[in-house]
Amino acid sequence: LGGRSIWDMDVGELSEFALEVFMTYDEDGNGRLDRHEFKRVLGSTALELTKGEIREIMAETDADEDGYVDYAEFLPLMIELIGALKSGPRARRNREKAEGAVKEDVSLLFVKGLGKEELDEMLRDIFAECDTDGSGALDPTEFERALRDANVGLNNKEINLLLSEADANQDGLIEYSEFAPVCFDVLVERAKNKQLENEALQSVDGITKMLVETFRAADPEGSGRLHFSDVKACLAYVTESQEVNLSRSQLVCVAAEAEISPYDGTVRYLLFATVAAEIMHSMIDFDAQRRRAEATTALAHGADDLTGVGRFRALDKEQIEAVMLEAFADADVDGSG
């Protein structure tokens, strides 16, 4: 479509794009995708899908359970994936904006709330506590321990980078004058995360509350962290319990926005809950989703078989567009476009 971004396509262009994708990956030209071809389509989305997730999405998409995905089954998935992939970046931008605002507020609170002398005294107490050998300077081991104890989610690379930046005279040791600004930034980051987590706990949004409750139930020790695999299991539980009507492919897109610690593979789930809830809100409309699914199924199994790829192959571009626009109009039961 002339290099036009899928995010900017209208309904007609999107239907044409979906058909092009389908026919591109339909390597044998039989009008349906086998497991191998379907896997290649999912691989093109840049989602890091496990073999199990691919199997589940395939099973969910293959409505007639014949082991293949025809175009009538493929189109709803394609539209769903595009919508889901659009939701993530938008939620990410909102998260970064919110974090920036909170971080600025926290920084001002530290500076204005404590006062210069009190802040300096607090930083010196932290320095003395970290200086376990009483040498008056922190060696790399003491500095790393101090940052890890702060529990702000820094990985080894980030800690080494901070060590390099903090060690201004490059003597391998961190003196107080070098330690103070780094410590201040870490304290601000920790306070920012704590405030955002408290906001998640106090949220009145239904989906956020449901996610927080589910995540906390999976964290009996109250660590505030869950392994990424447990986060995905919680998301699946929420859907399986019918609290939120999302498909497997949509859940994968939600999970993809979790910030995973490269140090231990965990996620600060309270921070993730608000982001996940925003993405879910953008994906779901319970009644419209149900009616859209019914309309799409009716189209897929209509007597005229207008959505069959075999029929498309015999049509020219204008005829295909006309058929797809009619199909979209019928399936768009809430008129949302």
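All chains use their own residue numbering, which begins from 1 and follows the written sequence. Owing to the predicted nature of the model, reporting of local features is limited to residues with pLDDT of at least 70; listing and counting of side-chain atom pairs is limited to 80 or more, with chain, interface and lining totals taken over all residues. Hydrogens and water are ignored here; the side-chain numbers use all heavy atoms of the structure.

Chemist: Hey, could you run me through the overall build of the protein in this one?
Modeler: Strands here are runs of E lasting at least two residues and helices are runs of H or I lasting at least four, both read from the DSSP assignment and numbered beginning at the N terminus. The secondary structure content of the protein amounts to 15 helices and 4 strands. Categorising residues by exposure relies on relative accessible area from a 1.4 Å probe, with only protein chains included: less than 20% of the type maximum marks a residue as buried, more than 50% marks it as exposed, and the intermediate range marks it as partly exposed. Across the 337 residues in the protein, those meeting the buried criterion constitute 42%. Across the protein, contacts joining residues at least 24 apart in sequence account for 66% of those joining residues at least 6 apart. Accessibility throughout is a Shrake-Rupley quantity obtained with a 1.4 Å probe, and a residue counts as covered only by protein chains that appear here. Summed over its atoms, the accessible surface of the protein is roughly 18100 Å², and 50% of this surface lies on carbon and sulfur atoms. A contact between two residues is defined here by any heavy atoms of the two lying within 4.5 Å.

Chemist: What's the story with the pattern of salt bridges in this structure? I'm lost.
Modeler: In a structure, side chains of opposite charge can pair up when their charged atoms sit close to one another. The salt bridge definition used is simple: a Lys or Arg side-chain nitrogen within 4 Å of an Asp or Glu carboxyl oxygen. Within the structure shown, the criterion is met by 7 salt bridges. For E27, the salt bridge identified is with R40, shortest N-O distance 2.2 Å. Of this pair, E27 sits in the loop between α1 (11-25) and β1 (32-33) while R40 sits in helix α2 (residues 35-43), placing them 13 residues apart in sequence. Looking at E27, the relative accessible area reads 48%, which means it is partly exposed. When its relative accessible area of 38% is taken as the criterion, R40 is described as partly exposed. The shortest N-O distance in the salt bridge between E189 and K103 comes to 3.5 Å. One end of the pair, E189, is in helix α8 (residues 176-201); the other, K103, is in helix α4 (residues 71-114), and 86 residues separate them in sequence. According to the relative accessible area criterion, E189 is partly exposed, its value standing at 22%.

Chemist: Can you help me understand the packing of aromatic side chains in this one?
Modeler: Two descriptors summarise a pair of aromatic rings, namely the distance from one centre to the other and the angle between the planes of the rings. Each Phe, Tyr or Trp ring (for Trp, its six-membered ring) is paired with any other whose centre lies within 6.5 Å, and the angle between the two planes then decides the class: stacked below 30 degrees, edge-to-face above 60, tilted in between. For the coordinates displayed, the defined rule picks out 6 aromatic pairs. Here F22 and Y71 contribute two aromatic rings whose centre-to-centre distance is 5.4 Å and whose plane-to-plane angle is 80°, an arrangement assigned as edge-to-face. Residue F22 is found in helix α1, and its partner Y71 is found in helix α4; the two are separated by 49 residues along the sequence. Side by side, F22 and Y71 carry an identical accessibility label, which is buried. Judged by centre distance (5.8 Å) and plane angle (45°), the ring pair of F215 and Y269 falls under tilted.

Chemist: So what exactly am I meant to see when it comes to helix α9 (residues 206-217) here?
Modeler: An α-helix turns once per 3.6 residues; consequently, residues spaced three or four apart project the same way. In a helix, the anticipated span is given by 1.5 Å times the number of residues less one. Taking 1.5 Å per residue as the helical rise, α9 with its 12 residues ought to reach 16 Å, and the 17 Å between its terminal C-alpha atoms agrees with that figure. Residues of α9 that are buried include every one of I207, T208, M210, L211, V212, T214 and F215, and no others. Residues of α9 that are buried make contact with α8, β3 (225-227), α10 (228-240) and α12 (269-283). At the N-terminal boundary of α9, the capping side chain belongs to D205, with an oxygen 3.4 Å from the backbone nitrogen of I207. N or O atoms within 3.5 Å of each other form a polar contact, as long as, within protein, one can give a hydrogen and the other can take it, and as long as residues adjacent in sequence are counted only when both atoms are side-chain atoms.

Chemist: Sorry if this is basic, but what is going on with the side chain of E257 here?
Modeler: As for its position among the elements, E257 is in the loop between α11 (248-255) and β4 (266-268). When its relative accessible area of 9% is taken as the criterion, E257 is described as buried. Excluding its chain neighbours within four sequence positions, the residues that come into contact with E257 are G88, R92, R95, F272, V275 and I279.

Chemist: How do you make sense of a positive patch on the surface when you look at a structure like this?
Modeler: A contiguous patch of positive charge, built from R35, K39, K51 and R55, is present on the exposed surface. Of all elements in the fold, only α2 and α3 (51-61) reach the threshold of two or more residues within the positive patch. Each patch groups residues whose relative accessible area exceeds 30% and which form no salt bridge, using 9 Å between like charges and 5 Å between nonpolar side chains of Val, Leu, Ile, Met, Phe, Trp and Tyr. Charged residues are defined narrowly, with Lys and Arg counted positive, Asp and Glu counted negative, and His plus the chain ends left uncounted. Each charge is placed at NZ for Lys, CZ for Arg, CG for Asp and CD for Glu.

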